[in-house]
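In case you want the letters, here they are:
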Amino acid sequence: MSATHHRSCNLCEAMCGLVITHDDTRVLDIRGDKDDPLSQGHICPKAFALRDLHEDGDRLRTPLRRTDSGWQDIGWDEAFDLVTSELRAVQARHGQDAVAVYQGNPSVHNLGTMLMSPHMVRSLRTRNRYSATSVDQLPHHFVGYYLFGHQFMLPVPDVDRTQHMLVLGANPIVSNGSIMSAPGMRRRLNQLRERGGQLVVVDPRRSETAARADAHHFIRPGTDAMLLAALIHRVFATCGPRLRHLAEHVAGLDALAEAVARFPAARVAQAVGIDAPAIEAMADAVTAADSAVVYGRMGVCTAEFGALGMWLVTALNLVTGNLDRPGGMMFASPAVDVLARTSRGGHDRWRSRVRDLPEFGGELPVAALAEEIDTPGPGQVRGLVTSAGNPVLSTPNGKRLGAALGQLEFMVSVDPYLNETTRHAHVILPPKIGLEVPHYDLIFHGLAVRNTARFADALFPGHDNARTDAEIFAALARRLGPGGKVSTLGKLERRATLAMSPTQQLDMALRRGPYGKWSGRLLRGDGLSVALLRGEPHGVDLGPLRPQLPEGIRAKGGVLQLAPALILRDFDRLDTALRREDGRARSRRDPDPPVGDPGRAHPLRLIGRRSLQDHNSWLHNAATLMKGRPRCVLHMHPDDAERRGLSAGQRVRLSSRVGAVEVPVHLTDQMMPGVVSLPHGWGHTADDTRQTLASASPGVSINDVTDAALLDQLSGNAALSGVPVQVAGV
Ligand SMILES: Nc1nc2c(c(=O)[nH]1)N[C@H]1C(S)=C(S)[C@@H](COP(=O)(O)OP(=O)(O)OC[C@H]3O[C@@H](n4cnc5c(=O)[nH]c(N)nc54)[C@H](O)[C@@H]3O)O[C@H]1N2
Ligand SMILES: Nc1nc2c(c(=O)[nH]1)N[C@H]1C(S)=C(S)[C@@H](COP(=O)(O)OP(=O)(O)OC[C@H]3O[C@@H](n4cnc5c(=O)[nH]c(N)nc54)[C@H](O)[C@@H]3O)O[C@H]1N2
Ligand code: SF4
Ligand SMILES: [Mo]
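Since we're looking at a predicted model, the values are computed, not measured.

(A) Inspection of the overall build of the protein chain at higher detail. Within the protein chain, the regular secondary structure consists of 24 helices and 30 strands. Its C-alpha atoms put the protein chain at 65 × 65 × 55 Å along the principal axes. Put simply, the protein chain shows about 26,700 Å² of open surface, and 50% of that area lies on carbon and sulfur atoms. Charge-centre separation for the protein chain: the mean point of 83 positive side chains lies 2 Å from the mean point of 77 negative side chains.

Spelled out as structure tokens, the structure:
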């Protein structure tokens, strides 16, 4: 007997509505839900991986313990007791900070993890907290914190109403948007063109998005902040700032104008690789449009000036009058008020032991994790919890991290797979995932281009005796206890929360939220609650993005400080980098740069690449996605290949300061000359992992070549883009 189940896909940020046909145990079909108000039927190939994940025989079903004779199944209670006593033992021997925590990307796509893991992490009371944030979107939080007054105040492009979109370092046609949940970007961008709008893309690769743009400019990796400074400079020099309704609420315009005065188009042109008239035209197109939005993502963030770059993206939207305005950069109004429920953040309240890198939002840069484990001395990390992450493949110099994990006294991983990271654990706790858990997007409804809300109960019960992430974290948090002084009221609250299911907690949050049953605002005669959402299987439409400022500003005095001291100081660092880039540009013209010139050993710049069939490191065991040609291939411009005597398809050695890998090369003029591209998330090992398909097509890890020493000094985000490399035939 078949039935249908409706839910949104939890794999990426797009939240596509799905209609799943199933019987008692199996998925029969997965389609896009045409009635979903956000995704309107869109779906990508990865959605079918939900079925593969459900059926995957390699997925772990019971807790595993590593012993001298291999992995051994153990019971849940035994596993929880063991983990608790081992973690506390490491802390007793070496201090509280000796246990580190790493939380990976699927954490934010998992309701239970979002609600329950903070209790367990708090129990540990460690300053060594890490996550995928610092190889990804940390600069966005940095801007949220310093400009708007809350680390989670992240504006999103009002893509459905804009007349001009300037995209830097994002490929939303493939990624379906990030910090911009926008399923079906192809349709949305077509509609932009149909209503007479324009799309301009800045990317060192003619990406799938760039290929559909009205204009595409190659940019030298890592130089976006220079370009953005020049764009703002041009705005000030031509029409001047237009602040509209925010005029009374902005400070620091003169200081910003002075700071960007050092970066006119003519000065940055050579370093960024775009000529001055084109830079000026890019700025003029933004100011001339009825509405415009400048959107920067991975390419801007994961660079040496990630935070300054994102700051300038936001500043450019602001000074052109496009912040908080339909068709510009706006804030979502989600049904669960995440801002009210979370800390506004913090910066530099403590630093990492080895490299003295500042904390942000309670976390240290993950680029520092390996050295914190493998550098001896007081405060050394000796124990680790990983959850929903694969940092050996996803963080810079992952090989060093992999080796470091082998030295830990105790490691536990909450993960459904035995992979390149979890194989180092002493205990693995495998949760139910995907279709086996209830789903509501706590985070991404707040980053979506339209306000909607959608909830689904679990479709399948999961394996006998299996646990959810929420149950795992609650069990550990209970056993670990609060880990320090807590008031009696605090203790009661903690106990009550740990006893509630994620769905119950969500229900309370929805009811108290801006559209909730208990908030006084009525929706269709009734306020939002889980019960209401259960009766709306396609989700509820809460309308287009609405202006929120100045009331919504959380920064001190309700004022947006455009040029705080730490931003102004970073312009000096940018200036130094610009001089260095100019030097490099000169040595690029010189076919034989002098010995000792960094351009000589590693003259190329390495960037990443995403594909529609991949999702970071963890869907390479999904049968539907592993069809077709090999995807872990280095892309290179034919001229760069010719200079090195390389031919299409040949194996090459890609090397950097820290490591080297061998991959096949694909020649394409989609690449900017001087830049090569390799996807991340590959480099699977058959050795001691249990992923049959992934081991059969392992690929190599780009993060064996990326360099943990390269990071944005301001935010601590890893500079994964623009790594200096060399390529040679093997
Ligand atoms: N299919 C698929 N979708 C995904 C994912 C996936 O793995 N596969 N991952 C998800 C995740 S976790 C995230 S965070 C999002 C990311 O979403 P996006 O940010 O849209 O994803 P990327 O494809 O990494 O896009 C980065 C673009 O920046 C370009 N770039 C690289 N360096 C530079 C530079 O220095 N300057 C500029 N201007 N451009 C540069 C790259 O060529 C690339 O086209 O995607 C999500 N969606
Ligand atoms: N060079 C380079 N490196 C990059 C990037 C890049 O563009 N270039 N992109 C970066 C980005 S944007 C990101 S987000 C990171 C991702 O980095 P990570 O988050 O560290 O890695 P993932 O590959 O997403 O691994 C996800 C893990 O979670 C497990 N998992 C999946 N679902 C669940 C669940 O529901 N519960 C639990 N407990 N576990 C689950 C999977 O089995 C897998 O082991 O990689 C980053 N690394
Ligand atoms: S774009 Fe694909 S992976 Fe992302 S939510 Fe939609 S169907 Fe899922
Ligand atoms: Mo990400």
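(B) Region of interest: the packing of helix α3 (residues 111–124) against helix α18 (residues 488–499). At a minimum axis separation of 10 Å, α3 and α18 run at an interaxial angle of 135 degrees. It follows from the interaxial angle that α3 and α18 lie oblique. As α3 packs across α18, the resulting crossing turns out to be left-handed. Where α3 approaches α18, its residues Met-116, His-119 and Ser-123 are matched on the opposing element by Arg-494, Thr-497 and Leu-498. Its residues placed into classes, the contact of α3 with α18 shows two nonpolar, three polar and one charged.

(C) Expanded view of the domain arrangement of the protein chain. Its domain assignment divides the protein chain into domain 1 (138–333) and domain 2 (591–729). For domain 1 and domain 2, the distance between their C-alpha centres works out to 27 Å. The interface of domain 1 with domain 2 comprises 22 residues on the first partner and 25 residues on the second. When residues of domain 1 are sorted by the area they lose upon contact with domain 2, Arg-205, Pro-221 and Thr-302 head the list and together hold 28% of the total. In this structure, the connection of domain 1 to domain 2 is made through one salt bridge. The closest approach of N and O atoms between Asp-669 and Arg-206, which form a salt bridge, is 3.3 Å. Counting across the domain 1 and domain 2 interface gives seven residue pairs in polar contact (both at pLDDT 80 or more).

(D) Structural view of the pattern of salt bridges. Scanning the entire structure with this criterion turns up 35 salt bridges. Across the pair Arg-26 and Asp-23 runs a salt bridge whose closest N-O atoms are separated by 2.6 Å. For Arg-26, a relative accessible area of 44% translates into the label partly exposed. Glu-304 is the partner of Arg-580 in a salt bridge, and the nearest nitrogen-oxygen pair spans 2.9 Å. Pair noted here: Arg-580 is in helix α21 (residues 565–589) and Glu-304 is in the loop between α11 (298–301) and α12 (306–319), with a separation of 276 residues, a long-range link. Arg-580 gets classed as partly exposed once you look at its relative accessible area, which sits at 35%. The structure contains a network of salt bridges with shared partners spanning Asp-33, Asp-36 and Arg-454.

(E) Highlighting α3. A maximum bend of about 35 degrees is found in α3 at Ser-117, where proline Pro-118 lies one to four positions downstream. Counting buried residues in α3 gives eleven out of 14 residues, a clear majority hidden from the surface. Within α3, burial applies to Leu-111, Gly-112, Thr-113, Leu-115, Met-116, Ser-117, His-119, Met-120, Val-121, Ser-123 and Leu-124. Measuring from the backbone nitrogen of Gly-112 back to the side-chain oxygen at the start of α3 gives 3.0 Å, which picks out Asn-110 as the cap. Note on α3: the residue one or two positions beyond its end, Arg-125, has a positive phi of about 50 degrees.

(F) Main features of the nonpolar core. Residues Met-165, Leu-227, Leu-256, Ile-279, Leu-562 and Phe-571 are the most contacted members of the largest nonpolar core, which totals 103 residues. Other than its neighbours up to four places away in sequence, Leu-256 contacts Ile-232, Phe-236, Leu-312, Ala-315, Val-319, Leu-562, Ala-563 and Phe-571. In this structure, Trp-76, Val-83, Leu-429 and Leu-476 belong to the second largest nonpolar core, which totals 30 residues.

(G) Structural context of the site of ligand 2. Among the 30 residues in the neighbourhood of ligand 2, the closest are listed as Tyr-102, Asn-105, Ser-394, Asp-415 and Ser-617. Asn-419 has a polar side-chain atom sitting 2.8 Å from an oxygen atom of ligand 2. Out of a free accessible area of 920 Å², ligand 2 has 96% covered by protein chains. When the residues that make up the shell around ligand 2 are grouped by side-chain class, the tally is 15 nonpolar, eleven polar and four charged.

Criteria and cut-off values
Residues numbered from 1 in each chain as written. Chains lettered and ligands numbered in written order. Predicted model: local features only at pLDDT ≥ 70, side-chain atom pairs only at ≥ 80, totals over all residues. Heavy atoms only, no water. Helix = DSSP H or I, 4+ residues; strand = E, 2+ residues; numbered from the N terminus. Areas by Shrake-Rupley, 256 points an atom, 1.4 Å probe, with all protein chains shown as cover. Lys, Arg positive; Asp, Glu negative; His and termini not counted. Charge placed at Lys NZ, Arg CZ, Asp CG, Glu CD. Axes fitted to C-alpha atoms, helices over the stretch in contact; angles between N-to-C directions. Parallel < 35°, antiparallel > 145°, perpendicular 65-115°, else oblique. Left-handed = near helix turned anticlockwise from the far one by under 90°. Contact = heavy atoms within 4.5 Å. Nonpolar A, V, L, I, M, F, W, Y, C, P; charged D, E, K, R; others polar. Domains from an automatic or database assignment. Buried area = accessible area lost by both parts, 1.4 Å probe. Salt bridge = Lys/Arg side-chain N within 4 Å of Asp/Glu carboxyl O. Polar contact = N/O pair within 3.5 Å; in protein donor to acceptor, adjacent residues only side chain to side chain. Buried < 20%, exposed > 50% of the residue type's maximum accessible area, 1.4 Å probe, protein only. Bend = angle between axes of the 7 residues up to and from the residue. Core = buried A, V, L, I, M, F, W, Y, C linked by side-chain atoms within 4.5 Å. Near = heavy atom within 4 Å.

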